[in-house]
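These are the residues of each chain, in order.
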Amino acid sequence: MKSLSGKLLELQDIELKLAEITNKDYLEKTGFNIDNEKVVELLEYKKKLETEIPPQYLRRYRALMSKYKRAVALVYDNTCSNCFSKLPTGIKEPSDNEIVFCNVCGIILYFP
Ligand SMILES: [Zn+2]
(Lines give C-alpha, C1' and ligand atoms only; values in the text may rest on other atoms or scores of the structure.)
Protein backbone atom coordinates (compact mmCIF):
# COMPACT_ATOMS: atom_id res chain seq x y z
CA MET A 1 0.00 0.00 0.00
CA LYS A 2 1.48 3.28 -1.12
CA SER A 3 1.28 6.33 1.09
CA LEU A 4 -0.77 9.29 -0.07
CA SER A 5 2.31 11.49 -0.48
CA GLY A 6 3.95 8.62 -2.39
CA LYS A 7 1.00 8.54 -4.80
CA LEU A 8 1.18 12.29 -5.30
CA LEU A 9 4.92 12.05 -5.98
CA GLU A 10 4.23 9.29 -8.50
CA LEU A 11 1.55 11.42 -10.18
CA GLN A 12 3.97 14.32 -10.41
CA ASP A 13 6.64 12.14 -11.99
CA ILE A 14 4.17 10.77 -14.55
CA GLU A 15 2.99 14.26 -15.47
CA LEU A 16 6.55 15.52 -15.87
CA LYS A 17 7.32 12.47 -18.00
CA LEU A 18 4.25 13.03 -20.18
CA ALA A 19 5.38 16.60 -20.75
CA GLU A 20 8.84 15.35 -21.79
CA ILE A 21 7.71 12.65 -24.18
CA THR A 22 5.39 15.00 -26.00
CA ASN A 23 8.28 17.45 -26.51
CA LYS A 24 10.13 17.11 -29.84
CA ASP A 25 13.45 18.51 -28.55
CA TYR A 26 13.49 16.02 -25.69
CA LEU A 27 12.80 13.09 -28.03
CA GLU A 28 15.54 14.24 -30.40
CA LYS A 29 18.10 14.66 -27.59
CA THR A 30 17.35 11.30 -25.94
CA GLY A 31 16.81 9.35 -29.14
CA PHE A 32 13.65 7.92 -27.62
CA ASN A 33 11.03 6.78 -30.04
CA ILE A 34 7.89 6.38 -27.98
CA ASP A 35 4.84 5.18 -29.79
CA ASN A 36 1.42 6.57 -29.07
CA GLU A 37 0.29 3.34 -27.48
CA LYS A 38 2.77 3.84 -24.62
CA VAL A 39 1.58 7.40 -24.10
CA VAL A 40 -2.02 6.17 -23.90
CA GLU A 41 -0.96 3.44 -21.43
CA LEU A 42 0.70 6.02 -19.21
CA LEU A 43 -2.35 8.31 -19.42
CA GLU A 44 -4.58 5.44 -18.35
CA TYR A 45 -2.30 4.59 -15.45
CA LYS A 46 -2.37 8.26 -14.44
CA LYS A 47 -6.19 8.31 -14.52
CA LYS A 48 -6.34 5.25 -12.27
CA LEU A 49 -3.85 6.80 -9.86
CA GLU A 50 -5.92 9.99 -9.69
CA THR A 51 -8.97 8.02 -8.57
CA GLU A 52 -6.94 6.82 -5.56
CA ILE A 53 -6.29 10.38 -4.37
CA PRO A 54 -9.00 12.26 -2.42
CA PRO A 55 -10.37 15.19 -4.50
CA GLN A 56 -9.36 17.88 -2.00
CA TYR A 57 -5.72 16.79 -2.25
CA LEU A 58 -5.92 16.53 -6.01
CA ARG A 59 -7.17 20.14 -6.13
CA ARG A 60 -4.30 21.26 -3.90
CA TYR A 61 -1.89 19.29 -6.08
CA ARG A 62 -3.16 21.05 -9.25
CA ALA A 63 -2.84 24.49 -7.65
CA LEU A 64 0.74 23.74 -6.58
CA MET A 65 1.63 22.36 -10.02
CA SER A 66 0.47 25.53 -11.70
CA LYS A 67 2.39 27.71 -9.23
CA TYR A 68 5.69 25.81 -8.92
CA LYS A 69 5.57 23.32 -11.84
CA ARG A 70 5.79 20.69 -9.09
CA ALA A 71 3.57 19.85 -6.16
CA VAL A 72 5.67 17.47 -4.11
CA ALA A 73 9.14 18.17 -2.74
CA LEU A 74 11.54 15.83 -1.03
CA VAL A 75 12.67 16.57 2.49
CA TYR A 76 16.41 16.44 2.98
CA ASP A 77 18.23 17.21 6.20
CA ASN A 78 14.94 18.43 7.71
CA THR A 79 14.73 20.98 4.89
CA CYS A 80 12.08 21.59 2.20
CA SER A 81 13.73 21.06 -1.19
CA ASN A 82 11.32 23.51 -2.84
CA CYS A 83 11.93 26.67 -0.78
CA PHE A 84 14.93 25.50 1.30
CA SER A 85 13.34 26.41 4.60
CA LYS A 86 14.20 24.37 7.66
CA LEU A 87 11.12 22.49 8.84
CA PRO A 88 9.91 23.36 12.32
CA THR A 89 11.02 20.86 14.93
CA GLY A 90 8.37 18.29 15.63
CA ILE A 91 7.38 17.82 11.97
CA LYS A 92 7.55 14.13 11.30
CA GLU A 93 6.89 11.78 8.49
CA PRO A 94 3.09 11.57 8.12
CA SER A 95 1.15 8.34 8.36
CA ASP A 96 0.05 6.73 5.08
CA ASN A 97 -3.20 8.68 4.76
CA GLU A 98 -1.90 12.03 5.92
CA ILE A 99 -0.10 14.79 4.12
CA VAL A 100 2.33 17.30 5.51
CA PHE A 101 2.72 20.65 3.77
CA CYS A 102 5.69 22.97 4.02
CA ASN A 103 4.68 25.76 6.39
CA VAL A 104 6.57 28.31 4.28
CA CYS A 105 5.81 27.52 0.61
CA GLY A 106 2.84 25.17 1.07
CA ILE A 107 4.24 22.35 -1.07
CA ILE A 108 3.46 18.69 -0.27
CA LEU A 109 6.40 17.19 1.56
CA TYR A 110 7.71 13.73 0.82
CA PHE A 111 9.96 12.06 3.35
CA PRO A 112 12.22 9.60 1.52
ZN1 LIG B 1 8.90 24.86 1.29
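Only a predicted model underlies this, so the values are computations on that prediction, with no experimental measurement involved.

(A) Structural context of the overall build of the protein. Of the regular secondary structure elements, the protein holds four helices and three strands. Listing the helices and strands of the protein from first to last along the sequence gives α-α-α-α-β-β-β. For the C-alpha atoms alone, the extent of the protein along its principal axes is close to 45 × 30 × 25 Å. Looking at the protein as a whole, 15% of its 112 residues are labelled buried. Here the analysis covers contacts within the protein between residues at least 6 apart in sequence; of these, 60% occur between residues at least 24 apart.

(B) Representation of helix α3 (residues 36-51). In this model, α3 (16 residues) spans 23 Å end to end at C-alpha, consistent with the 22 Å of a helix rising 1.5 Å per residue. Burial analysis of α3 places just zero of its 16 residues in the buried class, a small minority of the element.

(C) Structural context of the pairing of strand β1 (residues 72-76). As paired elements, β1 and strand β3 (residues 108-110) share three bridges and run parallel to each other. Bridging across to β3, Val72 finds its partner in Ile108. Strand direction decides the pairing type here: β1 and strand β2 (residues 79-80), joined by two bridges, are antiparallel. By the bridge assignment, Tyr76 is partnered in β2 with Thr79. What sits between β1 and β2 in their antiparallel hairpin is a turn of two residues, with Asp77 showing a positive phi close to 50°.

(D) Fine view of the packing of helix α1 (residues 4-21) against α3. The contact between α1 and α3 brings their axes to 10 Å, and the two run at 155°. As far as their axial angle goes, α3 and α1 are roughly antiparallel. Like other packed secondary-structure pairs, α1 and α3 cross with a definite hand, here left-handed. For the pair α1 and α3, contact is made by Lys7, Glu10, Leu11, Ile14, Leu18 and Ile21 and by Val39, Leu42, Tyr45, Lys46, Leu49 and Glu50, respectively. Grouping the amino acids of the contact of α1 with α3 by side-chain chemistry returns eight nonpolar, no polar and four charged.

Conventions we followed
Residues numbered from 1 in each chain as written. Predicted model: local features only at pLDDT ≥ 70, side-chain atom pairs only at ≥ 80, totals over all residues. Helix = DSSP H or I, 4+ residues; strand = E, 2+ residues; numbered from the N terminus. Buried ≥ 20, exposed ≤ 12 C-beta atoms within 10 Å, placed from the backbone. Contact = placed C-beta atoms within 7 Å. Expected span 1.5 Å × (residues − 1). Pairing = 2+ DSSP bridges. Axes fitted to C-alpha atoms, helices over the stretch in contact; angles between N-to-C directions. Parallel < 35°, antiparallel > 145°, perpendicular 65-115°, else oblique. Left-handed = near helix turned anticlockwise from the far one by under 90°. Nonpolar A, V, L, I, M, F, W, Y, C, P; charged D, E, K, R; others polar.

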